[in-house]
Amino acid sequence: MASVDAENFRLAVLNPAGRDPEQHFGVADTALVNVHPPVNFHAYAACTGGAVFRDTKRAIASGWPVLVLLRGDFRATERALAELKKARRITAVSLKETGAHQIAQQLSDPTRFARFTKIVSGANGCIATTPEAADLFRAVRGEAVAFLPTPYPIEDENWNWSMGNRAGIFVGTREFDVPSRNHLRALLAAKKLSDATKEPVTVYNLNRRKGARLLAEIGFGKIRVHEKHVRYRAYLGDLARHKIVFQLDRSRVPGQVAGDALLCRSVCIGGDGAIERIAFPETTGDKRSDDELIEIALRLLRNDDERRAVAERGGKIAEEKLSFRAGRENLWHFFGQLTS
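Residues numbered from 1 in each chain as written. Predicted model: local features only at pLDDT ≥ 70, side-chain atom pairs only at ≥ 80, totals over all residues. Heavy atoms only, no water.

Topic: helix α8 (residues 208-218)
Consideration 1: Residues of α8 that are buried include every one of Gly211, Leu215 and Ile218, and no others. Down the axis of α8, the buried set is contained in an arc of 55°. They therefore lie on one face. Across α8 from its buried face, at more than 90 degrees, point the exposed residues Arg209, Lys210, Arg213, Ala216 and Glu217.
Consideration 2: Looking at the buried residues of α8, the elements they touch are α7 (183-197), β9 (201-204) and β10 (223-226). (Buried < 20%, exposed > 50% of the residue type's maximum accessible area, 1.4 Å probe, protein only. Helix = DSSP H or I, 4+ residues; strand = E, 2+ residues; numbered from the N terminus. Arc of directions from axis to C-beta. Contact = heavy atoms within 4.5 Å.)

Structure (structure tokens):
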């Protein structure tokens, strides 16, 4: 491929030997049920009207540039990259799991690290969902690396989950056993906020009895607990009913919780994910203490006008930098540089 036509640009996202089925995105299908929503890596394909593949030959047959994901022990990615290069397909790579703790776990094994450097050096370029992952790629290969935050369908009314009457605090984290998530600290802060404002708290507990016992020990006055996974649209409908989303995550993740809040026209307080740092500069947990974040949350819980203003400012930033339009333009420009 000698060039990337802006008008006809489509992206194939390849998760080699992954579990998600092949999925094609078009103009009118991003709100269909029983398919993967257009978020995370699926969003890169969705914003271009492309597709997600798990079979390398199917990705090659699309005729499009390919973004192949580094996953597991990277063996499947290594094989896929070899096939893509043989087919002379322009290929970028990206880490599928990009939290700071996840990167450290993946690359602590010498054999896997050696495979990682070989793949990163052999691809045409690298796309990172966080600034920290971009720094890692640059340390290995220097050039042809871009931080491109995962886009969200902000401009699509099918994904506008704004609601009028809101109440309560939605806790964005779920994992007690990942230290950087700071889930227990977030729950303790949420209780403090609830006690001060009488706002109810909603939390997802996927740790079964252990999680239930911890929640009981904290002693919430008003709490609603979800014990099971729900479909994404049901989850958004639940989140949208709350005044704020609160978390203290310090994992340097891409920031889907903040992205979910954007779709709900809500405010995400705390967290240091890439989306938080871009869309919610007034409430991000980056370089702010727990006490500062609690004070911000108290103020926004008590002042509806200020909370709506913060949400509107976040939405405007998202339209400019995180929308599907912006995502498509950024991807086209990046792959265009790789083929020039």
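Section: the nonpolar core
It is characteristic of soluble globular proteins that their nonpolar side chains tend to be buried jointly.
Consideration 1: Ranked by internal contacts, the top residues of the largest apolar core, which has 27 residues, are Leu14, Leu70, Phe116 and Phe137.
Consideration 2: Apart from the residues lying within four places of it in its own chain, the contact partners of leucine 70 are Thr77, Val93, Ser94, Leu95, Lys96, Phe116, Ile119, Val120 and Phe137.
Consideration 3: In terms of nonpolar packing, the next biggest core, distinct from the first, is built from 26 residues, Val171, Ile218, Phe220 and Ile244 among them. (Core = buried A, V, L, I, M, F, W, Y, C linked by side-chain atoms within 4.5 Å.)

Some words on unusual backbone geometry
Consideration 1: Unusually for a residue other than glycine, alanine 144 sits at a positive phi of about 60°.
Consideration 2: Following the sequence through the fold, alanine 144 ends up in the loop between α6 (131-141) and β7 (145-147).
Consideration 3: The class for alanine 144 is partly exposed, based on a relative accessible area of 28%.
Consideration 4: Of note, lysine 198 is a non-glycine position whose phi angle comes to about 65°, a positive value.
Consideration 5: Along the chain, the position of lysine 198 falls in the loop between α7 and β9.
Consideration 6: Judged by relative accessible area, which is 57%, lysine 198 ranks as exposed.

Digging into the sheet that holds strand β6 (residues 125-128)
Consideration 1: Pairing is mixed in the open sheet, where seven strands are placed in the order β2-β3-β1-β4-β5-β6-β7. Two strands close off the open sheet at either side, each with one partner strand: β2 (23-24) and β7.
Consideration 2: Across five bridges, the pairing between strand β4 (residues 66-70) and strand β5 (residues 91-95) is parallel. When the bridges of β5 are listed, valine 68 appears paired with valine 93. (Pairing = 2+ DSSP bridges.)

Let's talk about the pairing of β10
Successive side chains on a regular strand alternate, one facing one side of the sheet and the next facing the other.
Consideration 1: Strand direction decides the pairing type here: β9 and β10, joined by four bridges, are parallel. Residue pairing across strands places valine 201 opposite isoleucine 223, the latter belonging to β10.
Consideration 2: Crossover connection from β9 via α8 to parallel β10: handedness right-handed. (Right-handed = clockwise from strand over helix to strand, strands pointing away.)

Quick look at the pattern of salt bridges
Consideration 1: With the rule as written, the count across this model stands at 24 salt bridges.
Consideration 2: With a shortest N-O distance of 3.7 Å, aspartate 272 and arginine 252 are connected by a salt bridge. Separated by 20 residues along the polypeptide, aspartate 272 in the loop between β12 (268-269) and α11 (274-279) and arginine 252 in the loop between β11 (244-246) and α10 (256-263) bring together distant segments of the chain. (Salt bridge = Lys/Arg side-chain N within 4 Å of Asp/Glu carboxyl O.)

Let's talk about the packing of aromatic side chains
Consideration 1: In this structure the tally under the stated criterion is 11 aromatic pairs.
Consideration 2: Where tryptophan 159 meets tyrosine 232, the ring centres are 6.0 Å apart and the plane angle is 45°; that geometry is what we call tilted. Of this pair, tryptophan 159 sits in the loop between β7 and β8 (169-171) while tyrosine 232 sits in helix α9 (residues 232-240); the two residues are 73 residues apart in sequence, bridging distant segments of the chain. Of the two residues, tryptophan 159 and tyrosine 232, neither departs from the other in class, the shared state being buried.
Consideration 3: Among the aromatic residues, those joined into a ring-pair cluster are Trp159, Phe170, Tyr204, Tyr232 and Tyr235. (Phe/Tyr/Trp six-rings, centres within 6.5 Å; stacked < 30°, edge-to-face > 60°.)

Regarding the sheet that holds β11
Consideration 1: If you walk across this open sheet you meet the five strands as β10-β9-β8-β11-β12, and the pairing is parallel. Two strands close off the open sheet at either side, each with one partner strand: β10 and β12.
Consideration 2: Note that β11 and β12 share two bridges and pair parallel. Across the sheet, residue valine 245 finds its bridge partner in β12, namely cysteine 268.
Consideration 3: In the packing of α7 onto the sheet, the strands contacted are β8, β9 and β11, and the crossing angle to β8 comes to about 170°. (Axes fitted to C-alpha atoms, helices over the stretch in contact; angles between N-to-C directions.)

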